[in-house]
Amino acid sequence: MTFQHKMAAHCESGTVAALLNHAGLTISEPLVFGISAGIFFGYFESKKFPFPTFVVRNRPGQMRTGITRRIGVRFNEKRFRNPEKGERELNRLLSMGIPVACQTDFFYMNYLPGHVRVHINVHFITIVEKRGDVYIVSDCYSPTLAELERDSLMKARFAGGSFSPRGFLFYPKSIPHIIDYHTAVWKGIKSAAFNMVKLPMPFLGVRGIRLFAKKVIDWPKLSRDVDHLSHEIMKINIFLEDQGTGGAGFRFMYATFLREASELLIDPDLLEMSKRIMEIGDRWREISLFAARIGKRRDLGPERLKELSELIHARADAEELFFSDLLKLSKTKL
Amino acid sequence: MNTILNDGLKKEIKLLIMEVLNINDVKPDEVGNDDSLFGEGNTLGLDSIDALEIVMALQEKYGVRIDDKNQSRFILKSITTIAEFIEKNRTL
């Protein structure tokens, strides 16, 4: 069967959805994202990072493991210490006509424009075919199927550094005949809501958003100069809008998930919650724009950063209410 | 598609973009309907921050949502593509 290439907002949820659809299970990217409890927030300061950073989704790989656990699909998964073995296994699967998802370093995806490619070891693509020394790649960020030379793919699959892929590949092994979507959806929702409001660590979930709001005021002390500070402030916009989040730090994708789940389960409560998180996403987008504007203009005095901090605090308040309500609701549905 | 209505809409979009981005040194007629809006060398030479401003302004004025970057790359290609998207999806 021909692999249907489709663009997606995010590489991991898009790749998992594409593989499942190819295997015969009709499921959208937002449903994969929501059922796997993809939405999250974490603010991190560590000696390992040159500057504080934040994430707006769960850990790489958890979209696959979450969907596996909740809907009962099974994937074959392999990592390789030896690149040659990793290459042989990929070629073997492709020769059998099996499209295979690979974890890669995004930098080597040279069919995409140079200015967007950075070294990130958790980019997922699907390899659909091998033609001589060239692989045919379905990448969610490319409008069409792309070609990638063998050398680039090898470098991408066996890049070093944090989250190094070590040739990781996966493909569906089995799809259940019957899926209990009610339980899958609500367990996914319960897990995401719990992670947002109940985790005790001060840097995770809503607490992480508050910490971000508090700490951003002190970012000038951590910056080398105004150019550095401007760059870091503008990265807020990049992390929320540019890095395959589907907009507003995945909040819009979560809203789409809740809307689609509402239609699937015929549950108006989910539609109501979808509207609420969409509204929250709109306000996150205002933060993106605010950060981008003040960063671009180098308008980064204490008053501006205080304003930015207040906007982020307001998102923490809104998300605390939203995810607390969602958690309560999930308990009545399961 | 109704061409007269569409031409009116295209002009409206140009004015909206110029107002939102505070562009005073270019007249609406200087921007071709099919000109690329982004990148150096184009009449407006917009960047990704400008794109976000336009997305939010279009949502407010026409009730159209452009959630993700992949989508906006195609919709915000030119005045014509924006107008076509609005005509298909507007709620206001």
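Residues numbered from 1 in each chain as written. Chains lettered and ligands numbered in written order. Predicted model: local features only at pLDDT ≥ 70, side-chain atom pairs only at ≥ 80, totals over all residues.

### Considerations on the pairing of strand β8 (residues 169-174) of chain A
All names here are of chain A.
Okay, so step 1: Alignment of strand β3 (residues 74-78) against β8, held across 5 bridges, turns out to be antiparallel. Bridge pairing in β8 places R74 opposite S174.
Okay, so step 2: Two strands pair when backbone bridges link them, and strand β4 (residues 100-104) and β8 are joined in this way by 2 bridges, in the antiparallel orientation. Note on β8: the bridge partner recorded for C102 is L169. (Pairing = 2+ DSSP bridges. Helix = DSSP H or I, 4+ residues; strand = E, 2+ residues; numbered from the N terminus.)

### Here we look at the interface of chain A and chain B
Okay, so step 1: Taken together, the contact pairs 15 residues of chain A with 9 residues of chain B.
Okay, so step 2: When residues of the side of chain A that touches chain B are traced back to their parent elements, those giving at least two are α9 (226-242) and α11 (268-296) of chain A.
Okay, so step 3: Counting residues per element, the side of chain A that touches chain B draws most heavily on α11(A), at 6 residues.
Okay, so step 4: In terms of residue class, the side of chain A that touches chain B is made up of 6 nonpolar, 4 polar and 5 charged. (Contact = placed C-beta atoms within 7 Å. Nonpolar A, V, L, I, M, F, W, Y, C, P; charged D, E, K, R; others polar.)

### Some details on the sheet that holds strand β5 (residues 123-131) of chain A
Residues and elements named next belong to chain A.
Okay, so step 1: Reading across from one edge, β3-β8-β4-β5-β6-β7 is the order of the 6 strands in this open sheet, with antiparallel pairing throughout. Since the sheet does not close on itself, it has two edges, and those belong to β3 and β7 (146-149), each with one partner. Adjacent strand axes in the sheet meet at a mean angle of 40° when their direction is disregarded.
Okay, so step 2: Packing of helix α1 (residues 11-22) onto the sheet brings it into contact with β4, β5, β6 (134-138) and β8, and relative to β5 it is tilted by some 45°. (Axes fitted to C-alpha atoms, helices over the stretch in contact; angles between N-to-C directions.)

### Quick look at the nonpolar core
Okay, so step 1: Membership of the largest hydrophobic core comes to 106 residues, with the highest contact counts inside it found for V32(A), I127(A), F212(A), Y254(A), L258(A) and I82(B).
Okay, so step 2: The residues contacting I127(A), other than those within four sequence positions of it, are L90(A), L94(A), P99(A), V100(A), C102(A), Y135(A) and V137(A). (Core = buried A, V, L, I, M, F, W, Y, C linked by C-beta atoms within 7 Å. Buried ≥ 20, exposed ≤ 12 C-beta atoms within 10 Å, placed from the backbone.)

### Quick notes on the confidence of the model for chain B
All names here are of chain B.
Okay, so step 1: On average, chain B scores 88 in pLDDT, and the residues at 70 or more come to 95%.
Okay, so step 2: Mean pLDDT across the secondary structure elements of chain B bottoms out at helix α3 (residues 69-75), with 85, and peaks at helix α4 (residues 79-89), with 94.
Okay, so step 3: In the predicted complex, the global pTM is 0.93; the interface-specific ipTM is 0.83. (pLDDT = per-residue confidence, 0-100.)

### Describing the environment of D105(A)
Residues and elements named next belong to chain A.
Okay, so step 1: Position of D105 relative to the elements: it lies in the loop between β4 and β5.
Okay, so step 2: A count of 24 C-beta atoms within 10 Å places D105 in the buried class.
Okay, so step 3: D105 sits 52 residues away from R157 along the chain, and the two C-alpha atoms are 6.6 Å apart.
Okay, so step 4: Excluding residues that lie within four positions of it along the chain, D105 makes contacts with H119, I120, N121, H123, A156, A159 and P165.

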